[in-house]
Amino acid sequence: MPTLVPAETDERDGLLKFLDAQRGGLRRAVLGLTEEQATTQPSSSSLTLAGLIKHVARTEEVWVQGTLMGRPEFAGNEADYVSGFQLLPDEGETLASVLARYDAVARATEETVNSLPDLEVTVALPEAPWYPPGMKVSARWILLHLIEEVARHAGHADIVRESLDGRTAFELAAESLSQEGKH
């Protein structure tokens, strides 16, 4: 459950705030967990909390830096997708490192979106079997898609966390707010 999103100043600010609120749901899902707990698969699904955070960070980076800004070094591929849901300890990935990376990606997204002249900026989607040929999307569409993607995985994270130790999103939101001194 995301916390209440602060009032927006304009559309761009509102979209960024709603995206950040969904990111917060994922961050809260790992509140107080050990590395082992964050990488545990508590059900028949292969999803782990750390893997979900790694995935959404990479997804956001691909959409904003790769697709929207056309930076080929950030373009995604099928191998990224497959390895994107699991930590790679041989590459030094830890819960702390994926959280730090997610924070950096979030800052880069905010800077990028705020640098756009408007949300009407349109880009072509790369050729892929899952995209209609020649489809173009706006920066607004990309932000809405990211909110959808992160919210979907925040829901997964709620289920994984509750399966791990019984803690619910409501409890974690209250604890997080309490720790921030907002309660």
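Okay, so let's go over this structure. Everything quoted here is computed from the prediction, not taken from an experiment.

## Side note on the overall build of the protein
Along its length, the protein carries seven helices and two strands. Scanning the protein from its N terminus toward the C terminus, one meets helices and strands in the order α-α-α-α-α-β-β-α-α. Against the 2.2 N^0.38 benchmark of 16 Å for 183 residues, the protein shows a C-alpha radius of gyration of 17 Å, consistent with a compact globule. In terms of its C-alpha atoms, the protein occupies a principal-axis envelope of roughly 45 × 40 × 25 Å. Evaluated residue by residue, the protein yields a buried proportion of 43% over its 183 residues. Partitioning the contacts of the protein with sequence separation of at least 6, the portion at a separation of at least 24 is 69%.

## Some words on helix α7 (residues 169-179)
For α7, the full list of buried residues reads A169, L172, A173 and S176. End-on view of α7: buried residues confined to an arc of 100°, all on one side of the axis. Elements in contact with the buried residues of α7: α1 (11-29) and α6 (139-165).

## A look at the packing of α1 against helix α5 (residues 95-115)
In the contact formed by α1 and α5, the axes pass within 11 Å of each other and the chain directions differ by 175°. Taken as axis vectors, α1 and α5 run roughly antiparallel relative to one another. Between α1 and α5, the residues in contact are R12, L16, L19, R23, L26 and R27 and L99, Y102, D103, A106, T109, E110, V113 and N114, respectively. Tallied by class, residues from the contact of α1 with α5 come to seven nonpolar, two polar and five charged.

What counts as what
- Residues numbered from 1 in each chain as written.
- Predicted model: local features only at pLDDT ≥ 70, side-chain atom pairs only at ≥ 80, totals over all residues.
- Heavy atoms only, no water.
- Helix = DSSP H or I, 4+ residues; strand = E, 2+ residues; numbered from the N terminus.
- Rg over C-alpha atoms; globule rule 2.2 N^0.38 Å.
- Buried < 20%, exposed > 50% of the residue type's maximum accessible area, 1.4 Å probe, protein only.
- Contact = heavy atoms within 4.5 Å.
- Arc of directions from axis to C-beta.
- Axes fitted to C-alpha atoms, helices over the stretch in contact; angles between N-to-C directions.
- Parallel < 35°, antiparallel > 145°, perpendicular 65-115°, else oblique.
- Nonpolar A, V, L, I, M, F, W, Y, C, P; charged D, E, K, R; others polar.

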